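Tertiary structure, described
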Amino acid sequence: MTRTTADVTSDTESDGASAVDLAIDAFRHGEPVLVHDAADREGETDIIYPADAVDAGAVVHMRADAGGLICAAVSHDVAETIELPFLEDELDHPAAADHELGYDDRSSFSLPVNHRETFTGITDDDRALTIRRLAAVAAQAGAGDYDAEDFATDFRTPGHVHVLRGAPRLLSNRRGHTELGLALAEAAGLPPAVVVCEMLDQETGGARTPAAAREYARRNDFVYVEGAALIDRLG
């Protein structure tokens, strides 16, 4: 499928099955997609990239145009294979107890990591390298060719790329941006690793509204899709 500006403008404003098709096609070609989860959940729109397509320019795009936390999400199976824990289970501190999230049952955060070939880990080049190597890990772990010891050889923690764990059955278990992005990757035939970053409003500091995110997508020829449309199609 070849997308045109007219296609993107029309379908980012319709949120139907055609928008889902465009989102899958964009992902397949390494392009970012804007995904709004739901008004009764976080109520946020994230820029989501396939992890294996992230270069320094993509990191610049996310930190400059989105402004939220840049996180890499991997599937439940990959996390289990390389023994990535939930971060809250590893923290022995009173602040890690009694989590009460207004939007979900638990946080998806696992370990923050840097690839060992990075320097500080925070530069655009360093974060892009860590993210791409996480995508390679997801592909290898899915094939049974990579384990926790291999991961420890390649990555260190703490680091500057926060890793998220996807729910075991993705959208059947949880409907966050982690799962929405991983479902897109699965539909596009890509490794189970994506990057998510919340879009913030530069004036208010709050989440960018769906209307503002749609307009941004229209101006920049990106696909915008509602989480409900992805759930209806891919859930």
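The structure this text deals with has already been given above.
Described below are features of the structure shown in this document. Since this is a predicted model, take the numbers as computed values, not measurements.

As a further point, take the overall build of the protein chain. The helix and strand tally for the protein chain stands at 10 helices and 7 strands. Of all 235 residues assigned to the protein chain, the portion counted as buried reaches 49%. Residue pairs in contact within the protein chain that sit at least 24 positions apart in sequence constitute 71% of those at least 6 positions apart. Just so you have it, the protein chain exposes about 10800 Å², and 47% of that area is on carbon and sulfur atoms.

On to the pattern of salt bridges, then. A full pass over the atoms with the stated rule returns 6 salt bridges. Between R133 and E117 there is a salt bridge, and its shortest N-O distance comes to 3.2 Å. Here R133 is found in helix α6 (residues 124–142), whereas its partner E117 is found in the loop between β4 (109–115) and α6, with 16 residues between them in sequence. Each member of the salt-bridge network shares a partner with another, and the members are E215, R218 and R219.

As a further point, take the environment of G166. Within the element layout of this structure, G166 appears in the loop between β5 (155–165) and α8 (177–187). Accessibility expressed as a relative area gives 3% for G166, which makes it buried. For the pair G166 and A193, spaced 27 residues apart in the sequence, the C-alpha separation amounts to 9.4 Å. Contact partners of G166, with chain neighbours within four places excluded, come to V74, S75, H76, T178, E179 and L182.

With that out of the way, let us pick up the sheet that holds strand β2 (residues 45–50). The 7 strands lie next to each other as β4-β5-β3-β6-β2-β1-β7, forming an open sheet whose pairing is mixed. Each of the sheet's edge strands pairs with one partner strand only, and the pair in question is β4 and β7 (223–226). Going across the sheet, the axis of each strand differs from the next one's by a mean of 40 degrees, ignoring polarity. In terms of strand pairing, strand β3 (residues 71–74) meets β5 through 4 bridges, oriented parallel. Residue pairing for β5: C71 is matched across the bridge by H162. The sheet contacts of helix α3 (residues 56–66) involve β2 and β6 (193–198), and relative to β2 the element is tilted by about 180 degrees. This element, α6, spans β3, β4, β5 and β6 of the sheet and lies at about 65 degrees to β5.

Scoring rules and cut-offs
Residues numbered from 1 in each chain as written. Predicted model: local features only at pLDDT ≥ 70, side-chain atom pairs only at ≥ 80, totals over all residues. Heavy atoms only, no water. Helix = DSSP H or I, 4+ residues; strand = E, 2+ residues; numbered from the N terminus. Buried < 20%, exposed > 50% of the residue type's maximum accessible area, 1.4 Å probe, protein only. Contact = heavy atoms within 4.5 Å. Areas by Shrake-Rupley, 256 points an atom, 1.4 Å probe, with all protein chains shown as cover. Salt bridge = Lys/Arg side-chain N within 4 Å of Asp/Glu carboxyl O. Pairing = 2+ DSSP bridges. Axes fitted to C-alpha atoms, helices over the stretch in contact; angles between N-to-C directions.

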